[in-house]
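# Descriptive structure summary
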Amino acid sequence: MARRVAVVAGGHSKFGKRYDATMRELCAEAYKPIYDEGITQDKIDATVLSYAASQFTGQGAGSALIADYLGMQDIPHLRVESACTTGTASLRAAWGMVAAGLYDVMMVLGVEQMNRVSSATATEYMSRAGDMRWEYPYGISFPAFYALMASRYMHEYNMSHDILAKIAVKSHHYGAQNPKAHLPKEIPFEEANNAIPICRPLNLYDCSLITDGAAAVVIAAEDRVKEFTDRPMWIKGIGAGASEMMIQDRPTLTSIPGAKRAAKAAYEMAGVKPDDINMAQVHDCFTIAELIAYEDLGFAEPGKGPDLVENKENYHDGRIPVNCDGGLKSKGHPLGATGVSMTYEIMKQMRGEADKPSRQIKDVKYGLAHNVGQSGQFVNVFIFERGWS
Amino acid sequence: MVLMSEQKELYLGYATDKAVTPFFQKFLEALAEEKLLMSKCTSCGTEFLPPREHCQKCLSKAELVPFTETEAKLRSYVIVDFAPETLTSKAPYVVAIGEFPSGKRLTAHITNLMSMPEVGMPLKLGFEKIDDKRITYKWLV
């Protein structure tokens, strides 16, 4: 039987267009609060660097650079890459090593530096996560993959764009209250619904941001947890799922098959149901992705996600609060940092340490992170359990 | 054996990938003659569109055979307003997934739309020589 593993500490850089920093400085910002809590370099057995897209920086051997910069030049490290789900893929890898007994204490560091290239170049790089032989030649950008899902969803369930705009309004409502957010401002519904088109039916406010940032969490084996905290967040369930490489080959466009598989595995491992979840951090790279996540995670029946939005059940005081930190939409989406940032946010919410009461979710016992790579080719779902009463 | 340098340099659509194999080259040369090929596994007979040199089911080698369906229905679409760098000058353009009666699908641009695309609308398979080296299949309404 594997050892139980808990998240015991976390740190988070400011997300944004960080022309004042590169990936090494961002990682230092994320690790510093952890160091200040007393988890110094010598307490960490190994690190995993979640760094999705080295083409943005040109920096190879990223995990060596970061380990060295953080004063861990003699501590084992490795890098994981799984597109936008790199953060939780890294956490999954680290969990495996700790659960198996290879290490007792590990740090997962997520980072991405994306703004040193133009938006068109960034869009170009991200479109190369589609099939280079059959999809890339038709200029299918990252938002285009999700627009293909949105067109189909709107057709099958006769949904108007209003629902997507309401999701954007919610994300920005919470991002405005998060000092770490990239775009911390409220947006009115009319603006969200009528913004300039990016990939119709998706407009500017349906899309997440191209962000620089880093986040870090430390995990520890059960018998070492007490050395670090009396408020451990247990990793209770982990599910991973996969879907077809080409979006045309998926059996459905109104759901991400790999996300459903990941969710099922995570719920089974944790021994909980969707109704037990008190908050979720979902992968809202686009508003349609958040809507589909409600359904793939079992918070709404297929086609009923829009009701959840209309009834504001996704707000911090609703039935299933989702992305009350602003999500990828407003907080930002530095690819490799995103899954780690989700984990950090759940830990802060569980501890009652959200920045403002107006975005603090009450009494979080179970939190869920849903982290999707590219357009759903790989998905990780984590269920965390509060380890104190 | 045909050396790569003796082959006609062909690209699918707006591809930049030069990783052409003899199998894919044969597909491109047929496409240049407005013939669409799919793959058929030499062991289990499974067909794939677009073609795969190795069968996804049994990993046996597949052969290229003619694909004869020409009419499809629009499964989904996107109007790309903000394009990746290499296609910036082409935007806006419409990408559609079309589904043939057999269930096989193809992703390509629709090039002759006069009004907004609609899920379920009929599509016809077409071909286009973009320039000297670039060829493609496409959708027509």
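Anyway, here's the lowdown on the structure attached to this text. Model, not experiment: these values are computed from the prediction. (Residues numbered from 1 in each chain as written. Chains lettered and ligands numbered in written order. Predicted model: local features only at pLDDT ≥ 70, side-chain atom pairs only at ≥ 80, totals over all residues. Heavy atoms only, no water.)

## Comments concerning the overall build of chain B
Our working rule: Each helix is a run of DSSP H or I of at least 4 residues and each strand a run of E of at least 2, with the numbering of both proceeding from the N terminus. C-alpha atoms define the radius of gyration, and 2.2 Å times the number of residues to the power 0.38 defines the globule rule. Between buried and exposed lies partly exposed: a residue is buried under 20% and exposed over 50% of the maximum accessible area for its type, with that area taken using a 1.4 Å probe on protein chains only. The criterion used for residue contact is that any of the two residues' heavy atoms lie within 4.5 Å. Here the Shrake-Rupley method, with its probe set to 1.4 Å, supplies the accessible areas, and only the displayed protein chains count as covering residues. We score Asp and Glu as negative and Lys and Arg as positive, and we do not count His or the chain ends. Working definition for charges: the position is that of NZ of Lys, CZ of Arg, CG of Asp or CD of Glu.
Along its length, chain B carries one helix and nine strands. Counted from the first residue to the last, chain B has its helices and strands arranged as β-α-β-β-β-β-β-β-β-β. Taking 141 residues into account, the globule formula puts the C-alpha radius of gyration at 14 Å, and chain B, at 16 Å, falls close to it. Principal-axis analysis of the C-alpha atoms places the extent of chain B at approximately 45 × 35 × 25 Å. For chain B, with 141 residues in total, the buried portion stands at 49%. Counting contacts in chain B only where the partners sit at least 6 residues apart, residues at least 24 apart contribute 48% of the total. For chain B, the computed accessible surface area is about 7,300 Å², with 52% contributed by carbon and sulfur atoms. Here chain B carries 18 positive and 18 negative side-chain charges, and the mean point of each set is 4 Å from the other.

## Some details on the packing of helix 5 (residues 142-156) of chain A against helix 9 (residues 287-296) of chain A
Residue and element names in this part refer to chain A. As a reminder of what qualifies: Note on method: axes are straight lines fitted to C-alpha atoms, helices fitted across the in-contact stretch only, with angles between N-to-C directions ranging 0 to 180 degrees. A crossing counts as left-handed when the near helix is turned anticlockwise from the far one by less than a right angle, and as right-handed when that turn is clockwise. The residue classification treats Ala, Val, Leu, Ile, Met, Phe, Trp, Tyr, Cys and Pro as nonpolar and Asp, Glu, Lys and Arg as charged. All others, Gly included, are polar.
For the pair helix 5 and helix 9, the least separation of the axes is 9 Å and the interaxial angle reads 60 degrees. Our pair here, helix 5 against helix 9, has a crossing hand that is left-handed. In this structure, helix 5 contributes Tyr 146, Met 149, Ala 150 and Tyr 153 to the contact, and helix 9 contributes Ile 288, Ala 289, Leu 291, Ile 292 and Glu 295. By residue class, the composition of the contact of helix 5 with helix 9 is eight nonpolar, no polar and one charged.

## Digging into the interface of chain B and chain A
Let me state the cut-off plainly: Put simply, a salt bridge is a Lys or Arg side-chain nitrogen that is within 4 Å of an Asp or Glu carboxyl oxygen.
If you look at the interface, chain B gives 39 residues, while chain A gives 34 residues. Among the ionic pairs, Arg 200 of chain A bridges to Asp 81 of chain B, the shortest N-O distance being 2.6 Å. Elements supplying a minimum of two residues to the side of chain B that touches chain A: helix 1 (22-32), strand 5 (71-80), strand 6 (93-99), strand 7 (105-110) and strand 9 (134-140) of chain B. The greatest single-element share of the side of chain B that touches chain A, amounting to seven residues, is contributed by strand 5 of chain B. When its residues are assigned to classes, the side of chain B that touches chain A shows 26 nonpolar, eight polar and five charged.

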